[in-house]
Structure formats: C-alpha cells, structure tokens
Amino acid sequence: RRERAQLLRLIGRNDEASSQLDALISEDPDDHEALFERGLIEQRAGDLRRAQRWFERAVNASSRHPITRLHLAEVLYQRGNNEQALSALDAVLSLDETIADAHLLRGFVLGDMGRHEAAMVSARLANELNPAMQTLQPHLSLESNTPAAAVVATPPDGGLARYGLGLAFRQRGYFEE
C-alpha cells in the first residue's frame, strides 16, 4: 500500500493515494511515512492548513526525521508564520546542519522578517553546502545575469536596499523583477 500510494501521488492520482494512505494510517495512527506522504499530497494540492496538520502529526509520530520538519517549516513559511517556521528550521538544523535546503529556506524566512544580514549568511551557507543552488535561484540575484552568490557578496551599504526590494518583489510573486 505504501509503495502504491507513493506511486499514485507521483503520477498525480491524489485521491487514490490518499485512500491508500488513510488505510495505512487507520492501521497505525503513528505511521510517520504515511502521515508525511499525506502532508505532501495536501501541500501539492495547495491546502496548506491541512498539510501543516499532517506534517505536525508526522513530526509528533517521529521527531528524528529532519525532512519532515523541513516540509513543516516550508508550509509555515508559505502560510506567513515566520516565527514558527524559523523555530522549525532551527529544529531541522539541530538534527542535521548540512541540509542546504534548510539554510536556503531559513534565508527566505529571515529576509521576510527584515533580518537581511542573517539572511545573507544563511544563503551563503546554503550555497557552500550545495553550489548548484546558485544556478537554481537566478531570480534572487541583483542583476539578471548575476549568480545568486552575488547577493551574499554585495556590501550592505549599496546592495541592501536592492536586496530588500528584491525580497518585496518576491513576496508579491514578481520573481523576474
């Protein structure tokens, strides 16, 4: 059932995947993997409130999985709960400080909270842990052809205002700007 549910989720048949996962959860309410998969389905469907509940249940079922906490932090951030997202990210990084995605998301959260220097440090750390992230996030750069690492290297006096403007555009969904 677990493998079938994962396959159904991957091919976009979410209702069937949900019914498979619900059967697993009814047999074992603390089935971390089933709870996590259920959260992924809700997150991808766009129901962030329900996704948050599933991820919270998965974290409560097994707190030693940093990826579950990372997804919870992402949903919290997407819902605008920056303080809670930052707390969840700190928990992720306490379990494994080498997760580049956690540092990158932490940079977004800190940037939205107005803590731009700390956001740049997190972005730098994410790029050091996974250099491929520099090319994956071109819409975060100061110039359209400048890699994202340039954001980190920009001196605060000249680049911080543009960095803040970039964050404002990103919050509104104007990624190319």
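Shown above is the structure to which this text applies.
Here's a quick rundown of the structure. (Residues numbered from 1 in each chain as written. Predicted model: local features only at pLDDT ≥ 70, side-chain atom pairs only at ≥ 80, totals over all residues. Heavy atoms only, no water.)

Focus on the environment of S18
Here is step 1 of the chain: Position of S18 relative to the elements: it lies in helix 2 (residues 14-27).
Here is step 2 of the chain: Along the primary structure S18 and A5 are separated by 13 residues, whereas in three dimensions their C-alpha atoms are 7.2 Å apart.
Here is step 3 of the chain: In this view, S18 contacts R38 and I41; residues no more than four positions away in its chain are not counted. (Helix = DSSP H or I, 4+ residues; strand = E, 2+ residues; numbered from the N terminus. Contact = heavy atoms within 4.5 Å.)

Observations concerning the packing of aromatic side chains
Aromatic ring pairs are described here by two measures, namely the spacing of the ring centres and the angle between the planes.
Here is step 1 of the chain: On inspection of all chains with the given rule, the structure shows two aromatic pairs.
Here is step 2 of the chain: A ring pair is formed by F36 and F55, whose centres lie 5.7 Å apart and whose planes are at 40 degrees; its orientation type is tilted. Taken together, the positions of F36 in helix 3 (residues 32-45) and F55 in helix 4 (residues 48-61) put the pair 19 residues apart, joining distant regions of the chain. F55 shares its class with F36; the two are buried. (Phe/Tyr/Trp six-rings, centres within 6.5 Å; stacked < 30°, edge-to-face > 60°. Buried < 20%, exposed > 50% of the residue type's maximum accessible area, 1.4 Å probe, protein only.)

Topic: the nonpolar core
Here is step 1 of the chain: Grouped together as the largest cluster of nonpolar side chains are 39 residues, with contacts concentrated most on F55, L70, L89, A102, L105 and V109.
Here is step 2 of the chain: Elements with a contribution of two residues or more to this core: helix 1 (2-10), helix 2, helix 3, helix 4, helix 5 (66-78), helix 6 (82-95), helix 7 (100-112) and helix 8 (116-129).
Here is step 3 of the chain: Of the residues forming this core, the biggest block, seven residues, is contributed by helix 7.
Here is step 4 of the chain: Excluding its chain neighbours within four sequence positions, the residues that come into contact with L89 are L70, A73, A102, L105, R106 and V109. (Core = buried A, V, L, I, M, F, W, Y, C linked by side-chain atoms within 4.5 Å.)

Let's talk about the environment of L48
Here is step 1 of the chain: Structurally, L48 can be placed in helix 4.
Here is step 2 of the chain: Along the backbone, L48 and L72 are 24 residues apart, and their C-alpha atoms lie at a distance of 9.7 Å.

A word on the pattern of salt bridges
Here is step 1 of the chain: Scanning all chains against the criterion turns up eight salt bridges.
Here is step 2 of the chain: For R106, the salt bridge goes to D90, with nearest N and O atoms at 3.1 Å. Linking R106 in helix 7 with D90 in helix 6, this pair joins segments that are 16 residues apart in sequence.
Here is step 3 of the chain: One network of salt bridges, in which partners are shared, links D22, R38, E42 and R50. (Salt bridge = Lys/Arg side-chain N within 4 Å of Asp/Glu carboxyl O.)

Focus: helix 1
Here is step 1 of the chain: Among the residues making up helix 1, those that are buried are A5, L8 and R9. Here the buried residues of helix 1 occupy an arc of 100 degrees about the axis, which is enough to place them on one side. Facing away from the buried side of helix 1, by more than 90 degrees, are the exposed residues E3 and L10. (Arc of directions from axis to C-beta.)

Concerning the side chain of Q43
Here is step 1 of the chain: Position of Q43 among the secondary structure elements: in helix 3.
Here is step 2 of the chain: Taking the relative accessible area as the measure of exposure, Q43 reaches 14% and is therefore buried.
Here is step 3 of the chain: In this structure the side chain of Q43 is engaged in a polar contact, spanning 3.3 Å, whose partner is the side chain of H71.
Here is step 4 of the chain: Among all residues touching Q43, those that are not within four sequence positions of it are L48, A51, F55, H71, E74, V75 and Q78. (Polar contact = N/O pair within 3.5 Å; in protein donor to acceptor, adjacent residues only side chain to side chain.)

A short note on the packing of helix 5 against helix 6
Here is step 1 of the chain: It is at 8 Å that the axes of helix 5 and helix 6 come closest, and there the two elements cross at 165 degrees. Considering their axes alone, helix 5 and helix 6 lie roughly antiparallel with respect to each other. Along this stretch, helix 5 crosses helix 6, giving a crossing that reads as left-handed. Of the residues in helix 6, those touching helix 5 at P66, R69, L70, A73, L76 and Y77 are N82, Q84, A85, A88, L89, A91, V92 and L95.
Here is step 2 of the chain: The class makeup of the residues in the contact of helix 5 with helix 6 is eleven nonpolar, two polar and one charged. (Axes fitted to C-alpha atoms, helices over the stretch in contact; angles between N-to-C directions. Parallel < 35°, antiparallel > 145°, perpendicular 65-115°, else oblique. Left-handed = near helix turned anticlockwise from the far one by under 90°. Nonpolar A, V, L, I, M, F, W, Y, C, P; charged D, E, K, R; others polar.)

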